[in-house]
Amino acid sequence: MCRSIKTLRPPVLPGEATEDDIRAAALQYVRKVSGFRAPAAHNREVFDRAVEAVAEATAELLGGLEVRGQSVREAG
């Protein structure tokens, strides 16, 4: 697993994860899986689409998680 990706839910992260937090985690994940820190021009579009898809899935996950009976969005 990519050790640079931080846990984005309370209580590990105080408050709600920002869009920047979510995007940074998605970028790290796609970099790790693809093996590219910065993709070549011919791979840029698919790389960027993957980052967006992972960011959307992450936001959906965080929005639906419950922490001690509260949704993560309410816990912050």
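These figures come from a predicted structure and were not determined experimentally.

*Asks:* Run through the environment of Ala53, naming residues and quoting values.
*Replies:* Within the secondary structure layout, Ala53 lies in helix H2 (residues 44-64). Considered as a pair, Ala53 and Arg23 are 30 residues apart in the sequence and their alpha carbons are 10.0 Å apart.

*Asks:* Outline the nonpolar core, listing residues and values.
*Replies:* Most often, soluble globular proteins keep nonpolar side chains buried together rather than apart. Leu8, Leu13, Ala17, Ile22, Ala25, Ala26, Val30, Phe47, Val51, Ala55 and Leu62 form the largest nonpolar core, which has eleven residues in total. Of all the secondary structure elements, the ones that give two or more residues to this core are helix H1 (19-34) and H2. Other than its neighbours up to four places away in sequence, Leu8 contacts Leu13, Ala17, Asp21, Ile22, Ala25, Thr58 and Leu62.

*Asks:* Break down the packing of H1 against H2 for me, citing the residues and quoting the values.
*Replies:* The axes of two packed helices give the description: the angle between them and the distance between them. In contact at an axis separation of 8 Å, H1 and H2 are set at 130° when each is read in the N-to-C sense. Judged by the angle between their axes, H1 and H2 are oblique. In this structure, the crossing between H1 and H2 has a hand that is right-handed. Contact with H1, carried on its side by Ile22, Arg23, Ala26, Leu27, Tyr29, Val30, Arg31 and Ser34, involves Phe47, Ala50, Val51, Glu52, Val54, Ala55, Thr58, Ala59 and Leu62 of H2 and no other residues of that element. Split by residue class, the contact of H1 with H2 holds twelve nonpolar, two polar and three charged.

*Asks:* Provide a residue-level description of the pattern of salt bridges, including the pertinent values.
*Replies:* Opposite charge on two side chains permits pairing when their charged atoms draw close. All told, the structure shown has three salt bridges when counted by the stated rule. When the shortest N-O distance is used, the salt bridge between Glu52 and Arg23 registers 3.0 Å. One end of the pair, Glu52, is in helix H2; the other, Arg23, is in helix H1, and 29 residues separate them in sequence. Arg44 serves as the salt-bridge partner of Asp48, at 3.2 Å between the closest nitrogen and oxygen. Taken together, the positions of Asp48 and Arg44, both in helix H2 and four residues apart, correspond to about one turn of that helix. By relative accessible area, which is 31% here, Asp48 ends up partly exposed. Judged by relative accessible area, which is 35%, Arg44 ranks as partly exposed.

Rules used throughout
Residues numbered from 1 in each chain as written. Predicted model: local features only at pLDDT ≥ 70, side-chain atom pairs only at ≥ 80, totals over all residues. Heavy atoms only, no water. Helix = DSSP H or I, 4+ residues; strand = E, 2+ residues; numbered from the N terminus. Core = buried A, V, L, I, M, F, W, Y, C linked by side-chain atoms within 4.5 Å. Buried < 20%, exposed > 50% of the residue type's maximum accessible area, 1.4 Å probe, protein only. Contact = heavy atoms within 4.5 Å. Axes fitted to C-alpha atoms, helices over the stretch in contact; angles between N-to-C directions. Parallel < 35°, antiparallel > 145°, perpendicular 65-115°, else oblique. Left-handed = near helix turned anticlockwise from the far one by under 90°. Nonpolar A, V, L, I, M, F, W, Y, C, P; charged D, E, K, R; others polar. Salt bridge = Lys/Arg side-chain N within 4 Å of Asp/Glu carboxyl O.

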